[in-house]
Amino acid sequence: MRWWDIAPVLELEQELFPEDAWSAGMFWSELAHARGPHATRHYVVAEAVPEGGSAAGAGRRIVGYAGLAAAGDLADVQTIAAARDQWGTGLGARLLTDLLRAATAFECAEVLLEVRVDNTRAQRLYERFGFEPIGFRRGYYQPGNVDALVMRLSDPALSVPADGPVQGETHG
């Protein structure tokens, strides 16, 4: 994800998470820590290329994004989202795979995340990757006062294929 991706990411963010969408400032802050030798963040977007179009051509649209923060040997999935028309295509799994590879590159031993208790689709995805529930954060998602399920994955390096790039149209 680059600065020029923020506006289209915000549109998707607002569509998917209208009550608790991130602000532009939150994305700018995260991206400020995603480059250079002391980077502690990894953000990626997925783009759909129109039929008959080229990867560099006009008409591309961001259909997903994800971000990870690392501190010491612990990583935290900050955000992960796929456009509704991409649900069921494997995009979420590709984005999560990319984040887990980044956690491994950051030499993190564990990855944590929070997910809305009512988002069973995402919970199933995380469980497929080996995340286990470890607790709740009451009223975590505001202003709707929705609880978060906290999940943990030990040793992210064991949860993703060791070879080859992430499949799909992602770039970081």
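For clarity, every value in this text was computed on a predicted model and none was experimentally measured.

**Q** I keep staring at the side chain of Q123 and nothing clicks. Help me out?
**A** Take Q123: it is sitting in helix α4 (residues 120-128). The exposure class of Q123 is buried, given its relative accessible area of 12%. At 3.1 Å, the side chain of Q123 and the backbone oxygen of V117 are in polar contact. Not counting residues up to four positions away in its chain, the partners in contact with Q123 are V115, R116, V117, D118, L149 and M151.

**Q** Help me understand α4, please; the structure alone is not making it clear to me.
**A** In an α-helix there are 3.6 residues to a turn, and that puts residues three or four apart on one side. For α4, the set of buried residues is A122, Q123, L125 and Y126. The arc that holds the buried residues of α4, viewed along the axis, is 160°, so those residues lie on one side. Close packing links the buried residues of α4 with β3 (74-82), α3 (91-105), β4 (110-116) and β6 (146-154). At the exit of α4 stands G130, carrying a positive phi of roughly 100°.

**Q** Any chance you could explain the packing of aromatic side chains here in plain terms?
**A** Here a ring pair, both rings aromatic, is described through the centre-centre distance and the interplanar angle of the planes. Using the criterion set out here, one finds five aromatic pairs in the structure. The interplanar angle of 80° and the centroid separation of 5.4 Å between the aromatic rings of W3 and W4 together place this pair among those described as edge-to-face. W3 sits in the exposed class, given a relative accessible area of 54%. Ring geometry for Y140 versus Y141: centroids 4.9 Å apart, planes at 85°, classification edge-to-face. With a relative accessible area of 17%, Y141 lands in the buried category. Ring-pair connections join several aromatic residues into one group, and the members of that group are W22, F27 and Y65. Looking at R116, its charged tip hangs above the ring of Y141, at a distance of 5.8 Å from the centre.

Basis of the calculations
Residues numbered from 1 in each chain as written. Predicted model: local features only at pLDDT ≥ 70, side-chain atom pairs only at ≥ 80, totals over all residues. Heavy atoms only, no water. Helix = DSSP H or I, 4+ residues; strand = E, 2+ residues; numbered from the N terminus. Buried < 20%, exposed > 50% of the residue type's maximum accessible area, 1.4 Å probe, protein only. Polar contact = N/O pair within 3.5 Å; in protein donor to acceptor, adjacent residues only side chain to side chain. Contact = heavy atoms within 4.5 Å. Arc of directions from axis to C-beta. Phe/Tyr/Trp six-rings, centres within 6.5 Å; stacked < 30°, edge-to-face > 60°. Lys NZ or Arg CZ within 6 Å of the ring centre and 35° of its normal.

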